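The chain contents come next:
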Amino acid sequence: MNKLQAELEPGFILHTRAYRDTSLIVELFTQEYGRVPVVARGARGRKSWQGLLQPFVPVFTSWSGKEELMSLHNIEQNGIPYWLAGRKLLSGFYLNELLMRLLHRFDPHPELFNHYIETLKQLAQPGEEEYVLRLFEKRLLDELGYGLVLQHEALSDIAIEEQFYYRFEPQQGLIKVSNEAHLAPNVFAGKVLLAVAHENLTEAELPATKRLMRLALSELLGDKPLRTRELFAVPISSN
Amino acid sequence: MSATSPLIKQLITALRCLPGVGPKSAQRMAFYLLQRNRGGGRQLAESLQEAIANVGNCKSCRTLTELEVCGICTNPGRDQTQLCIVETPTDINAIEMTGIYRGLYFVLMGHLSPLDGIGPEQIGIPALLQRIKTHPPKEAILATNPTVEGEATAHYLSELLKSHHIQCSRIAHGVPMGGELEYVDSNTLSHALLGRETL
């Protein structure tokens, strides 16, 4: 790999873990370089870095290196941190876990970066997070090149119609089924599919959209489940 | 030098398991003990062996102790209605140093970190549920670290404990004593402002 160097590159911290006695290995999500792993030497003793090496804080990062792991030289705050509390904080972790699992290192996604900021901004405001999360999932799939084809049936150009039902096959697309089959977990109403395609979701379509996104994402995530989902299930596990 | 003695070499390698000890300091420690302080070395070896063999976790609060139930948990003078939940046993020491807390503790031995695969099971939530069923406290004080993971852990615990009708509070965070506002990072300062108190 050639030498890479970035000066004041806008980014966010996705995840940190301890490295040796005083350092951290930090996974950055940057605007121009995508996901970048850096080592922050002596970070655990540096008071001025501690508040910045946290997720959901917009930062400028300066780093360089030749190998897979870059060296972080400097980090500065780049705006007001997004205050996520309670359940919204778990939603934030969910976004980070998706990015950690699905983005390849050094694979730039500037559009997705902007959408990540937009999503954090909306999560930091009062209100329901479901819609925001579904939209992020859809755009993530689009950006990664696994965008769902939701306007016509699989391997044809017959348009999806609101009043019919369709079975979602991850590798192929949508296959029209009889109206009696609509209770199956992988069957969706045409109305929902078109609403997702147009990013025009209302409250009524959210549960089905969640089901659709789970099916589509589980194809990419494989057998290893997302750990943040376990935390969302608090009320159930407490009984 | 260590080539002449496999035992010294073994000692140097063993010392390197300590945090912050590299080959050079390990060598210095080994030669110091052998040349200048054999008595201290013997005592170190004995207490290390004894501690490793006997220290386990307190049945009630999970802190490190050689007793079945630790000294704080068995102390009748402690306030049984307050339970302070911390991340590590050293946090107990830090809080004890303040001298103002007289309740009991529960140690999670970590914090939730979904991206590292550390979930509720790994931080002893089943043991905590057991603990609050047998001796329900009136108030739980959530003293996890003021990091994003610590906050997420505190939120998780508060939801869980509230569902068991236990009142929860979170330790405040803000500007350190003797600090100057100019040098405090804006993240901490905004926490301090959001958590301000009426006088």
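Reading guide: rules and limits
Along each chain, the written sequence defines residue order, and numbers are assigned to residues from 1. To label them, take the chains in the order written and letter them from A, then take the ligands in the order written and number them from 1. Per-residue local features of the predicted model are confined to residues with pLDDT of at least 70, and side-chain atom pairs are confined, for both listing and counting, to 80 or more; whole-chain, interface and lining totals are unaffected and use all residues. Side-chain figures throughout are based on the complete set of non-hydrogen atoms in the structure, without hydrogens or water. Going along the chain from the N terminus, every DSSP run of H or I of four or more residues is numbered as a helix, and every run of E of two or more is numbered as a strand. Note that the radius of gyration is over C-alpha atoms, with the globule rule given as 2.2 Å times the number of residues to the power 0.38. Any residue under 20% of the maximum accessible area for its type is buried, any over 50% is exposed, and the rest in between are partly exposed; the area is computed with a 1.4 Å probe on protein chains only. In this analysis, two residues are considered to be in contact whenever any of their non-hydrogen atoms come within 4.5 Å of each other. Each of two parts loses accessible area, computed with a 1.4 Å probe, when they are put together; buried area is these two losses added. We define a salt bridge as a contact between a side-chain nitrogen of Lys or Arg and a carboxyl oxygen of Asp or Glu at a distance within 4 Å. Under this definition, polar contacts are N or O atom pairs within 3.5 Å; protein pairs additionally need one hydrogen-donor-capable and one acceptor-capable atom, and for neighbouring residues in sequence, both atoms have to be side-chain atoms. Domains are outlined according to an automatic or database domain assignment. Here the term charged refers only to Asp, Glu, Lys and Arg, the term nonpolar to Ala, Val, Leu, Ile, Met, Phe, Trp, Tyr, Cys and Pro, and the term polar to all other amino acids, Gly among them. One fewer than the residue count of a helix, multiplied by 1.5 Å, yields its expected span. Comment: arc refers to directions from the helix axis out to C-beta atoms. In this description, strands pair whenever DSSP reports at least two bridges between them. Between the N-to-C directions of two axes lies an angle of 0 to 180 degrees, each axis being a line fitted to C-alpha atoms and, for a helix, fitted only over the stretch in contact. Angles below 35 degrees are treated as roughly parallel, those above 145 as roughly antiparallel, those between 65 and 115 as roughly perpendicular, and all remaining angles as oblique. By definition, any crossing whose near helix is turned counterclockwise from its far helix by less than a right angle is left-handed, and any crossing with a clockwise turn is right-handed.

(A) Region of interest: the overall build of chain B. If you tally the helices and strands in chain B, you get eight helices and six strands. Secondary structure of chain B in N-to-C order comes out as α-α-α-β-β-α-β-α-β-α-β-α-β-α. Relative to a compact globule of 199 residues, whose C-alpha radius of gyration would be 16 Å, chain B shows 22 Å and is clearly more extended. Principal axes of the C-alpha set define a box for chain B whose edges measure 70 × 50 × 35 Å.

(B) Spatial organisation of unusual backbone geometry. Despite not being glycine, Arg20(A) has its phi angle at roughly 50°, a positive value. The exposure class assigned to Arg20(A) is exposed, which follows from its relative accessible area of 69%. Here the phi dihedral of Met109(B) falls at roughly 65°; this positive angle occurs in a residue that is not glycine. Following the sequence through the fold, Met109(B) ends up in the loop between strand 4 (103-107) and helix 6 (125-134). For Met109(B), a relative accessible area of 35% corresponds to the partly exposed category.

(C) Region of interest: the interface of chain A and chain B. Each side of the interface is counted separately: chain A has 26 residues, and chain B has 29 residues. Taken over both partners, the interface formed by chain A and chain B buries close to 2300 Å², and the fraction arising from carbon and sulfur atoms is 66%. Between the two partners, chain A and chain B, sit zero salt bridges. There are five residue pairs in polar contact (both at pLDDT 80 or more) connecting chain A and chain B.

(D) Examining the side chain of His15(A) more closely. Mapped onto the fold, His15(A) is located in strand 1 (residues 4-19). Among the polar contacts made by the side chain of His15(A), one reaches the side chain of Asp116(B) at a distance of 2.8 Å. What His15(A) contacts, discounting residues up to four positions off in sequence, is Ile25(A), Val26(A), Glu27(A), Met100(A), Ser113(B), Leu115(B) and Asp116(B).

(E) Representation of the pattern of salt bridges within the structure. Residue and element names in this part refer to chain A. Tallying each qualifying case throughout the model produces 16 salt bridges over all chains. Note that lysine 210 and glutamate 130 form a salt bridge whose closest N and O atoms lie 3.9 Å from each other. Here lysine 210 is found in helix 6 (residues 206-221), whereas its partner glutamate 130 is found in helix 4 (residues 130-144), with 80 residues between them in sequence. The shortest N-O distance in the salt bridge between lysine 138 and aspartate 142 comes to 3.2 Å. Taken as a pair, lysine 138 and aspartate 142 lie in helix 4 at a separation of four residues, close to a single helical turn. Where salt bridges share partners, they join Glu27, Arg35, Glu68 and Arg105 into one cluster.

(F) Region of the structure containing the domain arrangement of chain A. Residue and element names in this part refer to chain A. Under the domain assignment used here, chain A contains domain 1 (1-141) and domain 2 (148-239). The C-alpha-based centres of domain 1 and domain 2 are spaced at 29 Å. Taken together, the contact between domain 1 and domain 2 spans 17 residues of the former and 21 residues of the latter. Summed over both partners, the interface of domain 1 with domain 2 buries about 2000 Å², with 69% contributed by carbon and sulfur atoms. The three residues of domain 1 that bury the most area against domain 2 are Arg101, Arg134 and Leu141, which together make up 31% of that side's buried surface. Between glutamate 199 and lysine 138 there is a salt bridge whose closest N-O contact spans 3.1 Å. Here domain 1 and domain 2 share six residue pairs in polar contact (both at pLDDT 80 or more) between them. Elements with a contribution of two residues or more to the side of domain 1 that touches domain 2: helix 2 (87-102) and helix 4. If one sorts the elements of the side of domain 1 that touches domain 2 by residue count, helix 2 sits on top with nine residues. Class assignment of the residues belonging to the side of domain 1 that touches domain 2 gives a composition of eight nonpolar, one polar and eight charged.

(G) Region of the structure containing helix 3 (residues 110-123) of chain A. Residues and elements named next belong to chain A. Under the 1.5 Å per step criterion, the end-to-end length of helix 3 is 20 Å for 14 residues, consistent within 8% with the ideal 20 Å. Taken together, the buried positions of helix 3 are occupied by Leu112, Phe113, His115, Tyr116, Thr119, Leu120 and Leu123. Projection of helix 3 onto a plane perpendicular to its axis shows the buried side chains occupying an angular sector of 165°, all on one side. On its buried face, helix 3 sits against strand 1, strand 2 (23-30), helix 2 and helix 4.

(H) Inspection of the pairing of strand 4 (residues 59-65) of chain A at higher detail. Residues and elements named next belong to chain A. Among the seven residues of strand 4, six are classified as buried, and the element is accordingly described as predominantly covered. With six bridges connecting them, strand 4 and strand 5 (residues 70-77) associate as antiparallel partners. Opposite serine 62, over in strand 5, you have asparagine 74 as the bridge partner. The loop that links strand 4 with its antiparallel partner strand 5 comprises four residues.

(I) Spotlight on the packing of helix 2 of chain A against helix 6 of chain A. All names here are of chain A. Where helix 2 meets helix 6, the axes come as close as 10 Å, and the angle between the chain directions of the two elements is 45°. By the angle between their axes, helix 2 is oblique relative to helix 6. Relative to helix 6, the crossing made by helix 2 is left-handed. On the side of helix 2, the interface is formed by Tyr94, Leu98, Arg101 and Leu102, while helix 6 contributes Leu217, Leu220 and Leu221. For the contact of helix 2 with helix 6, the class distribution of residues is six nonpolar, no polar and one charged.

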